[in-house]
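Structural description and commentary
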Amino acid sequence: MADKIYYPNSELAKNAHCKSLEQYRKMHDRSVNNPVAFWSEIAKEFYWETPAAEDKFFSYNFDLTKGDIFIKWLEGASTNISFNLLDKNVKSGNGDKIAFYWEGNDPDDYSRLTYRKLLEEVCRFANVLKSKGVTKGDRVAIYMPMILELPIVMLACTRIGAVHSVVFGGYSSDSLAERILDSKAKILVTSDGVWRGEKLLILKNICDDALNKVKKNGHVVECCVVVAHLRRLNNPQGTKPDTTGKTNGVNGTSNGNAPELPEIKWDDDRDVWWHDEMEEAEDKCYPVWMNAEDPLFILYTSGSTGKPKGVLHTTGGYLIYAATTFKYVFDYHPGDVYWCTADIGWITGHTYVVYGPLANGATSIIFEGTPFYPGNDRYWAVIDKYKVTQFYTAPTAIRSLMKFGDDLVKKHNLSTLKVLGSVGEPINPEAWLWFYNLVGHGKCSIADTFWQTETGGHVITPIPGATPMKPGSATFPFFGVLPEILDEDGHLVEGEGEGYLVFRQPWPGMMRSLYGNHQRFQSTYFDKFHGYYCTGDGARRDADGYFWITGRVDDMLNVSGHLMSTAEVESVLTEHTSVAEAAVVSKPHPIKGQCLYCFVTPNEGAEFDKKLQSELKTRVREKIGPFAQPDVIQHAPGLPKTRSGKIMRRVLRKIAAGDRNVGDVSTLADETIVDLLFQLRPQV
Ligand code: PRX
């Protein structure tokens, strides 16, 4: 069934930006054979204060043997992203168009922002940043929930050339501190807290802990701006939040049953309320013209050594790539209402909640809540409420919603949908078919978009009006992208076959470096196979040329679409005084895709009991974030190691999966350990 081909709906294809496979192929050929012509035509749709020099439009080196790696697009050009996303839309008559609908955690809590209002708010916050001494090139850390102030802060940074570094609001204070320290952020923007489902998160207190840790490590964040998101509910008139009292509403309503809000910590020398600062700020701010290769943002992603990598994206190339992928992959047309459920704290939220949609003058939804609150049909209710035309979500969400049965979906009118998107991990054919048949009524194209924080935008993906789909395959490369499959020795796998997924040449939106560590950038992505960008993923090409992503080939895990390294979890586990050694592997999980399975060797004399297991789980939650909590902590009196001391993770993965077929273990220093670990395996 998975090999059956699903053709784009002919109605959709008729009006699509790319209408056929033939047109896709022509455009793709041109984009890779003549990238300058292809992308300079697209660049003309945007405003450049100084246009790019034709002869310097594109240059790069992907081969470490020939010197340092570099990637440059639109050299010499200058522009401002917020100008292209906002002023340009307002000037072209779209000022009153809705840029964002905001749907709160509580269905009764919602609002909206037009392009004109968004521009004013962005300018006002840009002026606030300036008043705090933030200038071009300074880093601004952001730790916020899914509220409208979040894109406002990001775009305000771009207005004045500051570099934003958004840290996902589910990260712990340690993770936040580590990221603030690495980027040496001057200022932090957060909110007092947020409701997610029935859970209240006091973000400001997490920030306080993080800022104390940062200070102890020798860096001082001069100012922390706090949005009174929970406290705004205290003022029924909606003018100014009462920041003295406690909130009187749960989840955005004043139902009177709210638990009291815990106090938030406050440092008078450092902390200011957003509304106090915004009140006085002017709503006009002249944009700072940025060079195309000036940094736009840093976004941290897990690295296999455990230390997060500050992926650096720049201005010009990212703008045109985010805009173009959004336009074609979601086949966006004026009048559509697009919804991406990803948190802005991840790359999907950067490119496909903020930059891509606004660059196309689109109307989209920012959703604060969860798929399960107040009921398990929240996603379908939101699609129905806003008449969503493009819906972009993650396989883990689809799988978790499938289990509630079809009636919850059928209850809502989803007939406006045209394109469905999937991102973050491979989508299993069963979930694909459920999404296609039930949610999409068999008439929507599914864009299974393969990409990474590093790639900036989609790199392998179907195009809705053009690409015949195979459930579970990300299909073909986007414009400008040239994927290859290599074997272990770096030889090209031609035609059908499997191996390492690499890219031969850069597209405009790819990362330029790792912040403050170009060496690590080169060794992580360009040293394994000279001349190629190495994704760290495996892929298979089938007889029809379709790409199927087979998963990570390094020590990374993908839990519910969140990438993390085994090393970072292991280092948290071994910090515990009772733990001598730990090894973490992934285990297939029906909803999360993968979950964490940890083998723990206790210290001499330390007891491996329920208490230790729960302490270790809590510790990982606290040190990394709730999404990283291990599912299983197994007692391992020893670990399967080679004679040279290397842990054989493939054996541990088999034990975690309960698969006795462990393969060749003759290189192990002690083969008996395998049987022992099987015996100690908990019944899960
Ligand atoms: O392993 C691939 C998986 O997610 C990784 C990138 O994670 P991150 O940088 O956090 O970005 C996630 C959102 C773009 C990839 O290396 N991945 C992402 N999308 C897919 C996928 N695996 C299979 N199919 C996909 N569509």
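Quick caveat, the model's predicted, so the values are computed rather than measured.

**Focus on the packing of helix 10 (residues 315-329) against helix 11 (residues 347-359)**
- Between helix 10 and helix 11, the shortest axis-to-axis distance is 8 Å and the interhelical angle comes to 90°. It follows that helix 10 is roughly perpendicular to helix 11 by the angle criterion. The residues of helix 11 that touch helix 10, namely those facing Tyr318, Leu319, Ala322, Ala323, Thr325 and Phe326, are His350, Thr351, Tyr352, Tyr355, Gly356, Pro357 and Ala359.
- Considered class by class, the residues forming the contact of helix 10 with helix 11 number 9 nonpolar, 4 polar and no charged.

**Quick look at the site of the ligand**
- What surrounds the ligand is a group of 17 residues, the closest being Asp448, Thr449, Thr453, Asp537 and Arg552.
- In this structure, Gln452 approaches the ligand through a side-chain N or O atom, which is 2.9 Å from an oxygen atom.
- Here an oxygen atom of the ligand and a side-chain polar atom of Asp537 are 2.4 Å apart.
- Those elements giving two or more residues to the shell around the ligand turn out to be helix 11, strand 20 (445-449) and strand 25 (547-552).

**Considerations on the pairing of strand 2 (residues 70-73)**
- Side chains Ile71 and Trp73 project from strand 2 onto a buried face, and the interleaved Phe70 and Lys72 project onto a face without burial.
- As paired elements, strand 1 (residues 58-61) and strand 2 share 4 bridges and run antiparallel to each other. For Phe58, the partnering residue across the bridge sits in strand 2 and is Trp73.

**Thoughts on the UniProt feature "domain: Acetyl-coenzyme A synthetase N-terminal" (unreviewed entry) in the protein chain**
- Taking the UniProt record as the reference, the feature "domain: Acetyl-coenzyme A synthetase N-terminal" (unreviewed entry) is found at residues 24-84.
- For residues 24-84, helix accounts for 38% and strand for 16%, while the C-alpha atoms at its two ends are 27 Å apart.

**Considerations on the sheet that holds strand 29 (residues 593-602)**
- Spatial ordering of the open sheet is given by 28-29-30, a layout of 3 strands whose pairing is mixed. In the strand order of this sheet, the two ends are held by strand 28 (579-589) and strand 30 (632-635), each with one partner. Averaged over all pairs of adjacent strands, the angle between their axes in this sheet comes to 25°, without regard to strand direction.

**Digging into the nonpolar core**
- Counting 122 residues, the largest nonpolar core has Trp39, Leu118, Phe125 and Tyr355 as its most contacted members.
- Not counting residues up to four positions away in its chain, the partners in contact with Phe125 are Ile152, Val153, Ala156, Val189, Val225, Trp274 and Met278.
- In this structure, Phe168, Ala177, Val221 and Leu612 belong to the second largest nonpolar core, which totals 48 residues.

**Concerning the packing of aromatic side chains**
- Under the criterion given, the structure shown has 60 aromatic pairs.
- With 5.6 Å between their ring centres and 85° between their planes, Trp339 and Phe367 make a pair best called edge-to-face. Of this pair, Trp339 sits in strand 16 (residues 337-340) while Phe367 sits in strand 17 (residues 363-367), and the two are 28 residues apart along the sequence. For the pair shown, Trp339 and Phe367 are each scored as buried.
- Among the aromatic side chains, those forming a connected cluster through ring pairs are Phe57, Phe58, Tyr60, Phe62, Trp73, Phe503, Trp507, Phe521, Tyr525, Phe526 and Tyr533.
- Positioned over the ring face of Tyr110 is Lys385, at 3.9 Å from the centre of the ring.

**Remarks on the pattern of salt bridges**
- Enumeration over the complete set of coordinates arrives at 43 salt bridges.
- When the shortest N-O distance is used, the salt bridge between Glu11 and Lys14 registers 3.0 Å. One end of the pair, Glu11, and the other, Lys14, are both in helix 1 (residues 10-15), 3 residues apart, so they sit about a helical turn from each other.
- On the accessibility criterion, Glu11 (47% relative accessible area) is partly exposed.
- With a shortest N-O distance of 3.3 Å, Lys136 and Asp294 are connected by a salt bridge. Taken together, the residues Lys136 in the loop between helix 5 (115-131) and strand 6 (139-143) and Asp294 in the loop between strand 13 (290-291) and strand 14 (295-301) connect sequence positions 158 residues apart.

**Describing the side chain of Arg399**
- Relative to the assigned elements, Arg399 resides in helix 13 (residues 395-402).
- Judged by its relative accessible area of 9%, Arg399 falls in the buried class.
- Setting aside anything within four residues of it in sequence, one finds Arg399 in contact with Glu425, Pro426, Asn428, Ala431, Pro590, Ile591, Lys592 and Gly593.

**A word on the sheet that holds strand 19 (residues 419-423)**
- Taking strand neighbours across the sheet as the criterion, the 7 strands line up as 5-4-17-16-18-19-20 in an open arrangement whose pairing is mixed. Sheet topology places strand 5 (110-114) and strand 20 at the edges, where each strand pairs with a single neighbour. Between one strand axis and the next, the sheet turns by 20° as a mean value, whatever way the strands run.
- The sheet contact formed by strand 16 and strand 17 spans 3 bridges and is parallel. Its bridge partner lying in strand 17, Val337 is registered against Thr363.
- Of the strands in this sheet, strand 4 (98-103) and strand 5 touch helix 5, which is tilted by about 85° from strand 5.
- In the packing of helix 11 onto the sheet, the strands contacted are strand 4, strand 16, strand 17, strand 18 (390-393) and strand 19, and the crossing angle to strand 16 comes to about 165°.

**Focus: the environment of Ser560**
- As for its position among the elements, Ser560 is in the loop between strand 26 (556-559) and strand 27 (562-565).
- Among the residues examined, Ser560 registers a relative accessible area of 21% and is labelled partly exposed.
- A sequence separation of 164 residues divides Ser560 from Thr396, and the C-alpha atoms of the two residues are 5.3 Å apart.
- When residues no more than four places from it in sequence are discounted, the contact partners of Ser560 are Thr396, Glu425, Lys592 and Gln594.

**Structural notes on unusual backbone geometry**
- In this structure, the amide linkage connecting Tyr373 to the following residue, Pro374, adopts the cis form with an omega of -5°.
- As for its placement among the helices and strands, Pro374 is situated in the loop between strand 17 and helix 12 (378-386).
- Even without a glycine there, the phi angle at Asp331 is positive, about 45°.
- Even without glycine at this site, His441 takes up a positive phi of about 50°.

**A short note on the pairing of strand 27**
- The sheet contact formed by strand 26 and strand 27 spans 4 bridges and is antiparallel. Looking at the pairing, Val559 lines up with His562 of strand 27.
- Taking the residues that link successive antiparallel strands as the turn, the strand 26-strand 27 hairpin has 2 residues, and the phi of Ser560 there is positive, at about 50°.

**Focus on helix 15 (residues 429-439)**
- Among the 11 residues in helix 15, 8 count as buried, and that is most of the element.
- Of all the residues in helix 15, the buried ones are Ala431, Trp432, Leu433, Trp434, Phe435, Tyr436, Leu438 and Val439.
- Tucked inside the fold, the buried residues of helix 15 contact helix 12, strand 18, helix 13, helix 14 (407-410), strand 19 and strand 20.
- Taken from the residues just after helix 15, His441 is the one with a positive phi, measuring 50°.

**Focus on helix 8 (residues 203-216)**
- For helix 8, built from 14 residues, the straight-helix expectation of 20 Å at 1.5 Å per residue is met to within 8% by its first-to-last C-alpha distance of 20 Å.
- Buried within helix 8 are the following residues: Leu203, Lys204, Asn205, Cys207, Asp208, Ala210, Leu211 and Val214.
- Phi for Gly218, located one or two positions after helix 8, is positive at around 90°.

About the thresholds
- Residues numbered from 1 in each chain as written.
- Predicted model: local features only at pLDDT ≥ 70, side-chain atom pairs only at ≥ 80, totals over all residues.
- Heavy atoms only, no water.
- Axes fitted to C-alpha atoms, helices over the stretch in contact; angles between N-to-C directions.
- Helix = DSSP H or I, 4+ residues; strand = E, 2+ residues; numbered from the N terminus.
- Parallel < 35°, antiparallel > 145°, perpendicular 65-115°, else oblique.
- Contact = heavy atoms within 4.5 Å.
- Nonpolar A, V, L, I, M, F, W, Y, C, P; charged D, E, K, R; others polar.
- Near = heavy atom within 4 Å.
- Polar contact = N/O pair within 3.5 Å; in protein donor to acceptor, adjacent residues only side chain to side chain.
- Buried < 20%, exposed > 50% of the residue type's maximum accessible area, 1.4 Å probe, protein only.
- Pairing = 2+ DSSP bridges.
- UniProt positions renumbered as here; feature names shortened; annotations may be inferred.
- Core = buried A, V, L, I, M, F, W, Y, C linked by side-chain atoms within 4.5 Å.
- Phe/Tyr/Trp six-rings, centres within 6.5 Å; stacked < 30°, edge-to-face > 60°.
- Lys NZ or Arg CZ within 6 Å of the ring centre and 35° of its normal.
- Salt bridge = Lys/Arg side-chain N within 4 Å of Asp/Glu carboxyl O.
- Expected span 1.5 Å × (residues − 1).

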